[in-house]
Amino acid sequence: MAQAKGDLPLLDRRLAIVTGKGGTGKTTVAAALARAAADRGRRVLVTEVGRDAQVPRLLDPSAPEVGYEEREIVPGIWVMRIDPFAALSEYLGLQIGMPGLVARVLQNRGFRQLMGASPGWRDLITLGKVWHLEQMVGNGRPKYDLIIVDAPATGHGMTFLDVPRVVAAAVRAGPLRQHTLAVEEMIADPERTVLIPVALAEELPTRETVALVRRVRDELSIHVDRVIVNAVHDLPFSTDLGDLDAHLARLPDSLRFESLPAPTVLARCVRYLRARWMLNQRYLAEIQQHTKLPTVTLPYLTFGVRDADDLERLARATVAEPLGETV
Ligand SMILES: Nc1ncnc2c1ncn2[C@@H]1O[C@H](COP(=O)(O)OP(=O)(O)OP(=O)(O)O)[C@@H](O)[C@H]1O
Ligand SMILES: [Mg+2]
């Protein structure tokens, strides 16, 4: 059966934009996705938009710093940090053809202050650079099979994706309009681009994720087909032991199991673990219900993301089949 447009497996797109509330795990998910794609033979580029690149360290603790140049950190995975001023300098240099002059203007303090006062240009120029990278070819094929954008946290992340549309509506002619339309076309094509919201199964990130998905549906034409819910706690005992804490609480406190603490203490530990699990399950269900999207869950790693094995574990989970109905 022919696959519907926008029904492609996650890694078969050209561009995956990872977004979500601050601290939900966007950078970790971007690195895990890159790992999963490279494990399947894809050539992957991760572009970080923030101040410093954190993906290299997740891929290899001894990785060098990366800047505006793409750098292969581990086989098959390149990383770069898009500095908007560097991207603007490159763009204007190509347009005007006098890179020296452009560089001098961009170094000018007054010019930088002026640009600092109108943040929208950063988003446009960053996405323009991503488009440029997507267009790059080598040996007759795209230079990168997949480009993963570690986007700014939501709030700002939404304007990030909104800017091409706003600029295309305001600028009626000229090369800026042409380039902006090309960027918009890339973002709106479900076969090329997918937006990946990253959430935590907790109250505030759930609320923000629901709002994000609504806005994406109502205002942006960008494909979104799943929510990645990060750091979901496992139930550390089987569900048929659901009343384990109640059983423990009923035992006399004088009873001791070798060097273990008193039954009431054990009961409190078990209750805490179950409550954490239940909280995650409740918000996981809310995310599915209110976004009307299936979810992919990544396990909570007790000691954080320490090494390649931890990242590999998250990578496998990231590309699992989403659970829950798409309505
Ligand atoms: N599944 C997980 N289990 C345990 N710790 C995790 C998990 N995922 C991420 N973390 C940890 O949570 C912290 C935040 O993750 P990360 O930096 O990826 O979030 P972010 O959304 O990119 O944050 P920011 O908004 O600041 O860019 C990091 O210390 C990371 O190691
Ligand atoms: Mg980050």
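Please refer to the structure placed before this passage.
Residues numbered from 1 in each chain as written. Chains lettered and ligands numbered in written order. Predicted model: local features only at pLDDT ≥ 70, side-chain atom pairs only at ≥ 80, totals over all residues.

Topic: the pairing of strand β8 (residues 193-200)
Condition: Exposed residues have 12 or fewer other C-beta atoms within 10 Å of their own C-beta, buried residues have 20 or more, and residues in between are partly exposed; the C-beta atoms are placed from the backbone. A run of H or I in DSSP becomes a helix once it reaches four residues, and a run of E becomes a strand once it reaches two; helices and strands are each numbered from the N terminus. Only strands joined by at least two bridges in the DSSP assignment are considered to pair.
For β8, the buried fraction is high: eight of the eight residues fall into the buried class. Burial along β8 is two-sided: Thr193, Leu195, Pro197 and Ala199 and Val194, Ile196, Val198 and Leu200, pointing in opposite directions, are all buried. Looking at chain direction, strand β1 (residues 15-20) and β8 are connected through six bridges and run parallel. What sits directly across from leucine 15, in β8, is threonine 193.

A look at the packing of helix α3 (residues 84-96) against helix α6 (residues 120-135)
Axis angle and axis distance: for two packed helices, these are the angle between their axes and the distance between the axes, and together they describe the pair. The condition that has to hold: Helix axes use the C-alpha atoms of the stretch in contact, all axes being lines fitted to C-alpha atoms, and the angles between their N-to-C directions lie in the range 0 to 180 degrees. In these notes the angle categories are as follows: under 35 degrees is roughly parallel, over 145 is roughly antiparallel, 65 to 115 is roughly perpendicular, and the rest is oblique. Crossings are classed by handedness, with left-handed meaning an anticlockwise turn of the near helix from the far one by less than a right angle and right-handed meaning a clockwise turn. Residue pairs are scored as contacts if the distance between their C-beta atoms, which are placed from the backbone, is within 7 Å. For this classification, the nonpolar set comprises Ala, Val, Leu, Ile, Met, Phe, Trp, Tyr, Cys and Pro, the charged set comprises Asp, Glu, Lys and Arg, and every other residue, Gly included, is treated as polar.
Direction vectors running N to C along α3 and α6 enclose 65°, while the axes themselves pass 9 Å from each other. One element, α3, and the other, α6, form an angle in the roughly perpendicular class. The two elements α3 and α6 cross, and the hand of that crossing is left-handed. Residue-level inspection shows Pro84, Ala87, Leu88 and Tyr91 of α3 in contact with α6, the latter providing Arg122, Ile125, Thr126, Gly128 and Lys129. Residue classes in the contact of α3 with α6 are distributed as five nonpolar, two polar and two charged.

Considerations on the sheet that holds β1
The strand order across the open sheet formed by eight strands is β3-β4-β2-β7-β1-β8-β9-β10, and the pairing between neighbours is mixed. For this open sheet the edge positions go to β3 (71-74) and β10 (295-299), each flanked by a neighbour on one side alone. With strand direction ignored, the average angle separating the axes of adjacent strands in the sheet is 25°. Packed onto the sheet, helix α12 (residues 308-318) meets β9 (227-232) and β10 and runs at close to 165° relative to β10.

Considerations on the packing of helix α1 (residues 26-39) against α12
Two elements in contact, α1 and α12, have axes whose closest approach is 8 Å; the angle formed by their N-to-C orientations is 80°. In terms of orientation, α1 and α12 fall into the roughly perpendicular class. Contact residues: Thr28, Val29, Ala31, Ala32, Leu33, Arg35, Ala36 and Asp39 in α1; Leu311, Glu312, Leu314, Ala315 and Thr318 in α12. In the contact of α1 with α12, the residues fall into eight nonpolar, two polar and three charged.

Side note on the nonpolar core
Rules: Linking buried Ala, Val, Leu, Ile, Met, Phe, Trp, Tyr and Cys residues through C-beta atoms within 7 Å yields a set, and such a set is a nonpolar core.
Counting 73 residues, the largest nonpolar core has Val18, Ala34, Val44, Val46 and Ile148 as its most contacted members. When residues of this core are assigned to their parent elements, the largest contribution, nine residues, is made by α1. Contacts of valine 46, omitting those with residues within four sequence positions, involve Ala30, Ala31, Ala34, Val55, Ile77, Val79, Ile148 and Asp150.

Comments concerning the environment of threonine 126
Summarising the element assignment, threonine 126 is placed in helix α6. Under the C-beta neighbour-count criterion, threonine 126 is labelled buried, with 23 such atoms within 10 Å. Sequence separation between threonine 126 and alanine 86 is 40 residues, and the spatial gap between their C-alpha atoms is 9.7 Å. The contacts of threonine 126, once residues within four sequence positions are left out, are Val49, Ile82, Pro84 and Ala87.

Some points on the site of ligand 1
Condition: Placing a C-beta atom from the backbone of each residue, we mark the residue near a molecule or strand if the atom is within 6 Å of it.
Around ligand 1, the structure places 15 residues, and the nearest of them are Gly22, Lys26, Thr27, Thr28 and Leu301. Counting residues per element, the ones that place at least two in the shell around ligand 1 are α1 and β9. Per-element accounting of the shell around ligand 1 gives the leading share, three residues, to α1. Residues belonging to the shell around ligand 1 are distributed by class as follows: six nonpolar, eight polar and one charged.

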